[in-house]
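Each chain, written out:
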Amino acid sequence: MKLPKSIVILGRKFSVKVVKHELTVDGKAASGVTDTVNRIIEIEHGLPLREQLGILSHEIGHATLSINGLSETLTDREVEIVCQTCRSVVEDFVKAFNKR
Ligand SMILES: [Zn+2]
């Protein structure tokens, strides 16, 4: 199984790229980055698929909050909490799905 090459988030198509170059957000190293202007989600290369899926889930949160405008009203910390919650929900879902 691999990550999808693209994903539709609230009707907008984002490219999903696993990249070998260093990813940073506000100058800090990151495992995933969402470019909401160009609609590209980049994920660090070389991580287990489960981790990449978790990162993708987090980045989908960033894309969603950008599209619906909430990222403009929330603090950076609140945005990160929402995105980590998205990740946890997906991870719990995948665990439950795999147990069937
Ligand atoms: Zn984040």
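Data block above holds the structure.
Residues numbered from 1 in each chain as written. Predicted model: local features only at pLDDT ≥ 70, side-chain atom pairs only at ≥ 80, totals over all residues.

Caption draft 1: Summary view of the nonpolar core. Judged by nonpolar contacts, Ile 9, Phe 14, Ile 41, Ile 43, Ile 55, Leu 56, Ile 60, Ala 63, Cys 83 and Cys 86 together constitute the single largest core of 10 residues. Broken down by secondary-structure element, the contributors of at least two residues to this core are β6 (40–44), α1 (49–67) and α2 (76–99). The biggest single contributor to this core is α1, with 4 residues. Leaving out residues up to four positions away in the same chain, Cys 86 has contacts with Ser 57, His 58, Ile 60 and Gly 61. (Core = buried A, V, L, I, M, F, W, Y, C linked by C-beta atoms within 7 Å. Buried ≥ 20, exposed ≤ 12 C-beta atoms within 10 Å, placed from the backbone. Helix = DSSP H or I, 4+ residues; strand = E, 2+ residues; numbered from the N terminus. Contact = placed C-beta atoms within 7 Å.)

Caption draft 2: View of α2. Spanning 24 residues, α2 covers 35 Å between terminal C-alpha atoms, matching the ideal 34 Å at 1.5 Å per step. Three or more residues of α2 are buried, namely Cys 83, Cys 86 and Arg 87. Buried residues along α2 sit against α1. (Expected span 1.5 Å × (residues − 1).)

Caption draft 3: Spotlight on the pairing of β6. Where strand β2 (residues 12–19) lies against β6, 5 bridges are found, and the strand directions are parallel. Counterpart to Val 16 in the pairing with β6 is Ile 41. With 4 bridges joining them, strand β5 (residues 32–35) and β6 adopt antiparallel strand pairing. Across the sheet, the residue bridging to Val 33 is Glu 42, located in β6. (Pairing = 2+ DSSP bridges.)

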